[in-house]
Amino acid sequence: MTAEIIDGQAIATQVLEELRPRVQALRARGVAPGLAAVLVGDDPASVAYVRGKMRDCAEIGITSETFRLPAAASQQHIIDLVRKINADPAWHGLIVQLPLPAHVDEETVIAAIDPARDVDGAHPQSQGCLLRGLPTFLPATPHGVQQLLVRSGHPPEGKHVVICGRSNLVGKPLAVLLMQKRPGANATVTVCHTATPDLAAHTLRADILVAAIGRAGAITAEMVREGAVVIDVGINPVPDATRKSVVAPSALANSPNARRSHLTP
Ligand SMILES: NC(=O)c1ccc[n+]([C@@H]2O[C@H](COP(=O)([O-])OP(=O)(O)OC[C@H]3O[C@@H](n4cnc5c(N)ncnc54)[C@H](OP(=O)(O)O)[C@@H]3O)[C@@H](O)[C@H]2O)c1
């Protein structure tokens, strides 16, 4: 069996093209949709994520701005900025790019986001609504995984999805999203983590395997069932002698079995 690569870039373009007329319709009604991002410090991955979001906004006519603070900014300073953005009607959406520096309590900062502007679905209110199946903003990465599956012709309905990773950012909300009794979900979900004995025993039972582990090469060929759909959420630096520096989208070991399955680029 040869691998079918799920073309994430093509799906992202499709989503943007669907959003474009909706943004135009809002603008025609005199509403200029606005997204504010708070970026603290200059972690290269975070800078790249935020830059991508701003680029996509510009592409389809959403007004956007990145509010940058130095890595040493105090927690109160960050919260003050979040509250200022909350109070500004120009900003319909607010993202606080995570992770925040170690001296900052992320939960306290996230709790300061106005739930009505919490477009990244990070606020406890948003996550509680997600759990209960109520309308809410969906967290971006889990929603992206769901969209990749549905739009690539691998809907999770009735499938066994095994998620490696249980962070509040990816693993937990993805599990909750995919277990909902609704179209595009309705999966049987197993969540694995560092206390899971014999990880391979679980991954080998996956129709859909999601790696969100934060470490490159943790999933090897022997851990993937032939024909399984694999979504690799991880963005981890791996050494590459041919390049100065590399940030590779890979929690997966480069392996024949993995190649036989469906990988994200
Ligand atoms: N593509 C995107 O848009 C996007 C967005 C966000 C994050 N990411 C990437 O996705 C990855 C995960 O991010 P995160 O924020 O979820 O990371 P995280 O907060 O570090 O969580 C990692 C999770 O993986 C689990 N884990 C670690 N090693 C494991 C192992 N050997 N076996 C099973 N589980 C293991 C941890 O278990 P414990 O809970 O037991 O510690 C934890 O739940 C990172 O590479 C990150 O850069 C990508």
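Thresholds, definitions, all that
Residues numbered from 1 in each chain as written. Predicted model: local features only at pLDDT ≥ 70, side-chain atom pairs only at ≥ 80, totals over all residues. Heavy atoms only, no water. Helix = DSSP H or I, 4+ residues; strand = E, 2+ residues; numbered from the N terminus. Rg over C-alpha atoms; globule rule 2.2 N^0.38 Å. Buried < 20%, exposed > 50% of the residue type's maximum accessible area, 1.4 Å probe, protein only. Contact = heavy atoms within 4.5 Å. Areas by Shrake-Rupley, 256 points an atom, 1.4 Å probe, with all protein chains shown as cover. Lys, Arg positive; Asp, Glu negative; His and termini not counted. Charge placed at Lys NZ, Arg CZ, Asp CG, Glu CD. Expected span 1.5 Å × (residues − 1). Arc of directions from axis to C-beta. Near = heavy atom within 4 Å. Polar contact = N/O pair within 3.5 Å; in protein donor to acceptor, adjacent residues only side chain to side chain. 1 Å grid on protein atoms, 1.4 Å probe; cavity = no way out; pocket = protein on both sides within 12 Å on 5 of 7 lines; lining within 4 Å. Points joined across faces, edges and corners; volume = space filled by probe spheres on them. Nonpolar A, V, L, I, M, F, W, Y, C, P; charged D, E, K, R; others polar. Core = buried A, V, L, I, M, F, W, Y, C linked by side-chain atoms within 4.5 Å.

Chemist: Just checking my understanding: could you explain the overall build of the protein for this structure?
Modeler: Each helix and strand in the protein was counted, giving nine helices and nine strands. What you see for the protein is a C-alpha radius of gyration of 19 Å, in line with the 18 Å of a compact globule of 265 residues. Each of the three principal axes of the protein carries a C-alpha extent, and together these read 55 × 40 × 40 Å. Scored against the burial criterion, the 265 residues of the protein give a buried share of 43%. Counted over contacts in the protein with a minimum sequence separation of 6, partners at least 24 positions apart contribute 66%. On the protein, roughly 13700 Å² of surface is accessible, and the fraction owed to carbon and sulfur atoms is 57%. Computed over 25 positive and 24 negative side-chain charges, the separation of the two mean positions in the protein equals 3 Å.

Chemist: Just to check I follow, could you spell out helix H3 (residues 75-86) for this structure?
Modeler: Within an α-helix, residues lying three or four positions from one another point in the same direction, as the helix has 3.6 residues per turn. Relative to the 16 Å expected for twelve residues at 1.5 Å per residue, H3 spans 16 Å between its end C-alpha atoms, a close match to the ideal helical length. Looking only at H3, the buried set comprises Ile78, Ile79, Leu81, Val82, Ile85 and Asn86. All buried residues of H3 lie within an arc of 160 degrees about the axis, which places them on one face of the element.

Chemist: Sorry if this is basic, but what is going on with the site of the ligand here?
Modeler: The environment of the ligand is formed by 18 residues, the closest being Thr141, Arg166, Ser167, Thr194 and Asn236. A distance of 2.4 Å separates an oxygen atom of the ligand from a polar side-chain atom of Thr194. The separation between a nitrogen atom of the ligand and a polar side-chain atom of Arg215 is 3.1 Å. Coverage of the ligand by the protein amounts to 69% of the 920 Å² it exposes when considered alone.

Chemist: What is the right way to look at the layout of surface pockets in this model?
Modeler: By rolling a water-sized probe across the atoms, one finds the places where empty space is left. The computed volume of the second largest pocket comes to approximately 260 Å³. In terms of lining, the second largest pocket is formed by 13 residues, of which the most central are Leu98, Glu106, Ile110, Asn168 and Leu169. Every element with two or more residues in the lining of the second largest pocket is listed here: helix H4 (106-111) and helix H5 (124-132). For the lining of the second largest pocket, the element with the most residues is H4, which contributes three residues. A breakdown of the residues in the lining of the second largest pocket according to their chemical character gives seven nonpolar, three polar and three charged.

Chemist: What exactly am I supposed to notice about the nonpolar core here?
Modeler: When a protein is soluble and globular, its nonpolar side chains tend to lie buried together. By size, the foremost hydrophobic cluster in this structure holds 21 residues, and its most contacted members are Ile85, Val96 and Val109. Of all the secondary structure elements, the ones that give two or more residues to this core are strand E1 (34-40), strand E2 (63-69), H3, strand E3 (93-96) and H4. The dominant element in this core, judged by the number of residues it contributes, is H3, at five residues. If we skip the residues at most four places from it in the chain, Val109 touches Gln75, Ile78, Ile79, Val82, Val96, Leu100 and Val104.

Chemist: It is not clear to me how the side chain of Thr196 should be interpreted in this structure. Could you clarify?
Modeler: Tracing the backbone shows Thr196 in the loop between strand E5 (188-192) and helix H8 (199-203). Overall, the relative accessible area of 15% leaves Thr196 in the buried class. A distance of 2.8 Å separates a polar atom in the side chain of Thr196 from the backbone nitrogen of His193.

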